[in-house]
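Residue strings, one per chain:
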Amino acid sequence: MSLPLPLPPAPPGLTEAELVALAQLHDEAAVRELVRRCNPRLFRLARGLVGSDAEAEELVQETYVRAFTAIAGFRGASRFSTWLARIALNLAAMQRRGARPVEEYDTLREADSNRVIAFPGVEPEGTESLVGRAEVRHLLEAAIAALPPELRLVFLLREAEAMSVLAIARDLRLNPITVKTRLFRARRRLRATLEAQLQGGFEAVFPFDGARCRGMADRVVAGLGAPSRTAAPDRDGHHPPEAR
């Protein structure tokens, strides 16, 4: 018996919009490529919303399934990754309240950037260097995870996603002064043990790549083949009343 041929990857160099168009035609390779591209940012956002990696993975997976289930209705008024973020925010709000969220989240401003901010040090990336960086990252992740949720989310949006205070205030429906206060409190909690050696290294926290990234794509594709438990979200990431 012959084994099934591996799925060909999506053509290289496609834009997000082109991949979305293919995904709307049920192109599995395009779905997997969108998942791969969106995983790091979406997982960091989810990790700011919930208290553990496992909860964040569940939130990310549910976000993808709901988004790809409703992708035919996506019109591109915002970036697809922004639409995903809105769905994740609404799902997390629904989980916290057990009902329809009061807030409505508008577009998250996401700056396109491929830059990688490395941890301090100019030594070649040998085994000891890699181990040291991993230990520092784990220390940083543990410290951030220990922050109260309202501080953790604002901190990650500012430091990991480089969103402005005004953008965070708008998207979370907070007063800018409240955002600044929460950022100050979060930094004050972290500064004593982390700031001196890790300043500028927050983009490396909560990575979502390798086997975990590939596994998410597999689960999303499998979930799309299962009966939907709830009605699909609209193009703004919200759910009809009967689905809430």
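Fair warning: this is a prediction, and the values are worked out from it, not measured in the lab.

A.B. asks: Quick one: what's the story with the nonpolar core, residue by residue and with numbers?
C.D. replies: Judged by nonpolar contacts, the single largest core of 59 residues is most densely connected at Val35, Leu45, Leu49, Tyr64, Phe68, Phe80 and Ile144. For this core, the element with the most residues is helix H2 (residues 28-49), which contributes ten residues. Those residues in contact with Leu49 that sit more than four places away from it in its chain are Leu59, Ala88, Leu89, Ala92, Arg96, Arg152 and Leu153.

A.B. asks: Describe the packing of aromatic side chains, and please don't skip the residues or the numbers.
C.D. replies: Counted by the stated rule, this structure contains five aromatic pairs. Where Phe74 meets Trp83, the ring centres are 5.0 Å apart and the plane angle is 35 degrees; that geometry is what we call tilted. Here Phe74 and Trp83 have matching classes, each one buried.

A.B. asks: Could you give me a rundown of the confidence of the model for the protein, with the residues and numbers involved?
C.D. replies: Residue-level pLDDT values for the protein average 74, and 66% of them are 70 or greater. Below a pLDDT of 50 lies the segment residues 1-5, which in the model reaches zero contacts outside its immediate sequence neighbourhood of four places, other chains included. Scored below 50 in pLDDT, residues 99-125 makes 56 contacts in the model with residues more than four places away or belonging to other chains.

The rules behind each value
Residue numbers restart at each chain and count upward from 1, following the sequence in its written direction. In keeping with the predicted nature of the model, local features appear solely for residues at pLDDT of at least 70, side-chain atom pairs appear and are counted solely at 80 or more, and the whole-chain, interface and lining totals rest on all residues. No hydrogens and no water enter the side-chain calculation; it runs on all heavy atoms of the structure. Here, nonpolar core refers to any group of buried Ala, Val, Leu, Ile, Met, Phe, Trp, Tyr and Cys residues whose side-chain atoms link them within 4.5 Å. In this scheme, a residue with accessible area under 20% of its type's maximum is buried, one over 50% is exposed, and one in between is partly exposed, where area comes from a 1.4 Å probe on protein chains only. A run of DSSP states H or I qualifies as a helix once it reaches four residues; a run of E qualifies as a strand once it reaches two. Both are numbered from the N-terminal end. Whether two residues are in contact is decided by their heavy atoms, any of which lying within 4.5 Å being enough. Think of it this way: a Phe, Tyr or Trp ring, Trp meaning its six-membered ring, pairs with another when their centres are within 6.5 Å, and the plane angle makes it stacked under 30 degrees, edge-to-face over 60, tilted otherwise. The quantity called pLDDT is the predictor's confidence in a given residue, expressed from 0 to 100.

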